[in-house]
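One-letter residues, chain by chain:
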Amino acid sequence: MARQLDDMNRAIMKARDLPFGSARNEVAAALVREVTTEGPQEARAFALFALTESYAFSDEVEKAYLPFTQSVRLWDEHPELFDQHDVHSLFWSFKWMVGNLMEFPAIPAAQITSTLDDMRRRYQLAGNGMSAVNHLTFQWHHLLGDDELPAAYERWITTERDDFSQCPACEPGDRTAYLFEAGRYEEGIRLLESAEATSASCHSEPADRLSQLQLAYLEVGDAEGAARAHRHGLQSLPTSGELAGAQGRHVQLLARSGNHSAAWRFLDRSAGLLTKAETPADRLSFLLHAGTGVSVLRRHHPLRAVSYPGVPATTVAELDDWMHGEALALAAAFDRRGGTSASTERVLRAWSGEHSELRVDLSVLTGHGADLPAGRGGDLPAGRDEVAGSGAPDTPAGSAAAAAPTGSTGSPVGADHGTGAGDVPGYLLDETEHDGAPAGAPSTVPSAEPSRDQTAGRAGVGPDALVSAAESSTARGETVSAARLYAQAAEMFEAIDEPEAAGFALAEAAALASSLGDDEGAESSFREALALLARAETGIEYTGPVARAYARVCVSVGAVPTAVSVLGPLVAAAEIETAAARGAVQAVAGAAEAEMADEATTRARRATVLAAEHAQLLDTLARAQASAGQTDEATAAARTAAEAFAELGMVEDAAHAFWLAGRLDRAEGRLEDAVWLLESAAEGFAMVRSTAPRAEVTGELVEVLTALGRTSEAEDLVRRLSL
């Protein structure tokens, strides 16, 4: 029996609440099929829009054009089926389609211009404003780089905003992409700083505009501004989708600022974009920006060994040549389509060898600055401020785990998932600078962060006062200062022979440094913190969280064997201590005396904490082993962790561990084994109503079942997501 209109609308809304990805695409497509064959027809426009939207923001963007054209045809033939929301959605989807068509060089220019002309005609007939049409016209001429570009830009920015205008958070970045290419850096910087002052945000912002801003600061010699924009951009990047261009700009910034090790780490994490991105235009953008960085790295390390899947290069020089060739081939395809040479000229500029280098100190903790070769300092000025990169308050989004390479949720090198006793809390995002001006706006006070000695002198004499000051700085978003205060406190605690307090203070400093991208400083500080805690004979339930954070940073800096070697003994020690603690509980079980009952409760609580830490350590070990290529060991550890989490009632943590094990089995071709593990993960996420990971793991499960020929089960999973 066909659903009622309200029921169908609720199902479509539920589908739109799912994260973008294969599961959402399957659900949205199933709903379109249901509405088309069974009704109600009044929901068809909404269902088609939901499918268009789902495809447009997934890695199947090329599929969006079919439901879009079906929507347009339905509007022409049956406008009575569209309510006011459907009409608005239809006109809004024109923006996605015209923009997406430009991203694929195989789409003929005639199809793009005809769709753009049709959009203009329909907007005029409907009485809509022309802001969106003029914006897309500018985008088209910007891609072409033709003589119409300056006029198209001016026409767009002088058109009055309306209900269909470009997202206000995205508009500044669209404008500065043109301004910076034209060399109008100061104008573009003012525009992006104004956007930062308003904290305008959306799915892709502020990550994308900050990636532009960091390079603009570099071009005008503002090393401190480049550091501030880079750090802020790092915090927003993990939650902003693929953003291939932004990823490439970070590689370029790190390479051109002398932070070569960090540049390689960033390229390693985003290496998949070398061969595949959501669209060909996205891949070209990554190749252009990251390629500029790699060409700089080639000047310093031409024979450095590299290895990336699908890339026939073994040295930096070979990688540079390959990226250059790939970029030229893609650019030629776009130029053939448009009849211009703009894309090729952009590639030639990227590999011109004319890009300047500017030393930018991105270190947070003392002794870990930019790794420029000795003797290059005279060639690379420090910019407007000698202490570059310390800057005004930065805005980390979380703990050390936030800086670790994670990919999508549950990936092998991701952070721990759950609420174990040692999880580092998220830090507060402060919107203001020292003087109360919005972030990104010019400050009226010196913007360089104080040194560790200066911050210590201001805060007080004793280490406890320094810790209190660090906590206050963290709450205000003054994260660089906070990290240095914690490190200073650690030194003072150690001087008075309090190694445990010193270890925890230094671990706090390391976590903050990692969240700001200073992985070298974080790695050495975590290592020292663990040594201090070992000297103090601190319990595993307190040492474990620090070791897990250290392991994640080790993975980030490429020291995966160190992560595995540190975690292995701790897992064994935690297992022994957990068994002993549980035995201690049994020793007083059933005691009638009140004092013994209290003792039993205390012992039981400690046994639970130890068991939880053992499971967390196992989970982190599994992810480190996966990163080391030890797939069988990682799968076994993940399954054991999942079962331990489940026994403790830590359902979401168990789901993440099952998910990891399922992904590993799938990667090894063990599809039948992967099904049960992925099913367990999906059930766990459903139990705790964790919608986004449930949808993602369900999408993977659908793909595995389909590969096994179990299509009816796959269809049933999709159906259940839409209920």
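From a predicted model like this one, the values you see are computed outputs, not experimental measurements.

### Re the packing of aromatic side chains
Okay, so step 1: A full pass over the atoms with the stated rule returns 18 aromatic pairs.
Okay, so step 2: Arranged with centres 6.2 Å apart and planes meeting at 40 degrees, the rings of Trp92 and Phe164 form a pair that is tilted. One end of the pair, Trp92, is in helix α5 (residues 84–102); the other, Phe164, is in the loop between α8 (149–157) and α9 (171–181), with 72 residues separating them in the sequence.
Okay, so step 3: Assessed through its relative accessible area of 6%, Phe164 is described here as buried.
Okay, so step 4: Plain terms: the ring middles of Phe138 and Trp156 are 5.2 Å apart, the flat faces sit at 15 degrees to each other, and that makes the pair stacked.

### Quick look at helix α27 (residues 631–647)
Okay, so step 1: When the terminal C-alpha atoms of α27 are compared, their 24 Å separation across 17 residues agrees well with the 24 Å that a helix rising 1.5 Å per residue should span.
Okay, so step 2: Within the sequence span of α27, burial applies to Thr631, Ala634, Thr635, Ala637, Ala638, Ala641, Ala642, Ala644 and Phe645.
Okay, so step 3: Just beyond α27, the residue with positive phi is Gly649, at close to 80 degrees.

### A short note on the environment of Met97
Okay, so step 1: Relative to the helices and strands, Met97 resides in helix α5.
Okay, so step 2: As for Met97 and Tyr65, which are separated by 32 residues in sequence, their C-alpha atoms are 6.6 Å apart.
Okay, so step 3: Ignoring anything within four residues of it in the chain, the contact list for Met97 reads Thr52, Ala64, Tyr65 and Phe68.

### Some details on the pattern of salt bridges
Okay, so step 1: Inspection of every chain in the model, using the stated rule, returns 41 salt bridges.
Okay, so step 2: Notably, a salt bridge pairs Glu326 with Arg283, separated by 2.7 Å at the nearest N-O pair. Separated by 43 residues along the polypeptide, Glu326 in helix α16 (residues 316–338) and Arg283 in helix α15 (residues 280–300) bring together distant segments of the chain.
Okay, so step 3: A relative accessible area of 25% means that Glu326 is categorised as partly exposed.
Okay, so step 4: By relative accessible area, which is 13% here, Arg283 ends up buried.
Okay, so step 5: Close ionic contact of Glu700 with Arg663 constitutes a salt bridge, the shortest N to O distance being 2.5 Å. Of this pair, Glu700 sits in helix α30 (residues 691–707) while Arg663 sits in helix α28 (residues 651–667), and the two are 37 residues apart along the sequence.
Okay, so step 6: Its relative accessible area of 18% is what places Arg663 among the buried residues.
Okay, so step 7: Salt bridges linked by common partners bring Asp76, Asp118, Arg121 and Arg122 together as one network.

### Topic: the packing of helix α3 (residues 44–56) against α5
Okay, so step 1: Between α3 and α5, whose axes approach to 10 Å, the crossing angle comes to 25 degrees. In terms of orientation, α3 and α5 fall into the roughly parallel class. Crossing geometry of α3 relative to α5 is assigned as left-handed. Packed against α3, whose contacting residues are Ala45, Phe46, Phe49, Thr52, Glu53 and Ala56, the element α5 presents Asp86, Ser89, Ser93, Trp96, Met97 and Asn100 at the interface.
Okay, so step 2: Class assignment for the residues of the contact of α3 with α5 results in six nonpolar, four polar and two charged.

### Topic: the packing of helix α20 (residues 463–475) against helix α21 (residues 479–495)
Okay, so step 1: At a minimum axis separation of 8 Å, α20 and α21 run at an interaxial angle of 165 degrees. The pairing of α20 with α21 is recorded here as roughly antiparallel in orientation. In this structure, α20 meets α21 at a crossing whose hand is left-handed. Residue-level contacts link Pro463, Asp464, Leu466, Val467, Ala469, Ala470, Glu471, Ser473 and Thr474 of α20 to Ser481, Ala482, Leu485, Tyr486, Gln488, Ala489, Met492 and Phe493 of α21.

### Description of the nonpolar core
Okay, so step 1: If you look at the biggest cluster of nonpolar residues, it comprises 138 residues, and the most contacted ones within it are Ile12, Met119, Tyr123 and Phe526.
Okay, so step 2: Top element by residues in this core is helix α26 (residues 594–627). It accounts for 10 residues.
Okay, so step 3: Not counting residues up to four positions away in its chain, the partners in contact with Tyr123 are Phe91, Trp92, Phe94, Lys95, Asn128, Gly129, Met130, Ala132, Val133 and Phe164.

### Considering empty space enclosed by the protein
Okay, so step 1: Counted under the stated rule, the structure contains four cavities of 30 Å³ or more.
Okay, so step 2: Considering only enclosed or pocket space, the second largest cavity measures out at about 60 Å³ in volume.
Okay, so step 3: In terms of lining, the second largest cavity is formed by Ala45, Phe46, Phe49, Thr52, Phe68, Ser71, Phe82, Asp86, Ser89, Leu90 and Ser93.
Okay, so step 4: Secondary-structure elements contributing two or more residues to the lining of the second largest cavity are α3, α4 (65–77) and α5.
Okay, so step 5: Looking at the lining of the second largest cavity residue by residue, the classes come out as six nonpolar, four polar and one charged.

Conventions used here
- Residues numbered from 1 in each chain as written.
- Predicted model: local features only at pLDDT ≥ 70, side-chain atom pairs only at ≥ 80, totals over all residues.
- Heavy atoms only, no water.
- Phe/Tyr/Trp six-rings, centres within 6.5 Å; stacked < 30°, edge-to-face > 60°.
- Helix = DSSP H or I, 4+ residues; strand = E, 2+ residues; numbered from the N terminus.
- Buried < 20%, exposed > 50% of the residue type's maximum accessible area, 1.4 Å probe, protein only.
- Expected span 1.5 Å × (residues − 1).
- Contact = heavy atoms within 4.5 Å.
- Salt bridge = Lys/Arg side-chain N within 4 Å of Asp/Glu carboxyl O.
- Axes fitted to C-alpha atoms, helices over the stretch in contact; angles between N-to-C directions.
- Parallel < 35°, antiparallel > 145°, perpendicular 65-115°, else oblique.
- Left-handed = near helix turned anticlockwise from the far one by under 90°.
- Nonpolar A, V, L, I, M, F, W, Y, C, P; charged D, E, K, R; others polar.
- Core = buried A, V, L, I, M, F, W, Y, C linked by side-chain atoms within 4.5 Å.
- 1 Å grid on protein atoms, 1.4 Å probe; cavity = no way out; pocket = protein on both sides within 12 Å on 5 of 7 lines; lining within 4 Å.
- Points joined across faces, edges and corners; volume = space filled by probe spheres on them.

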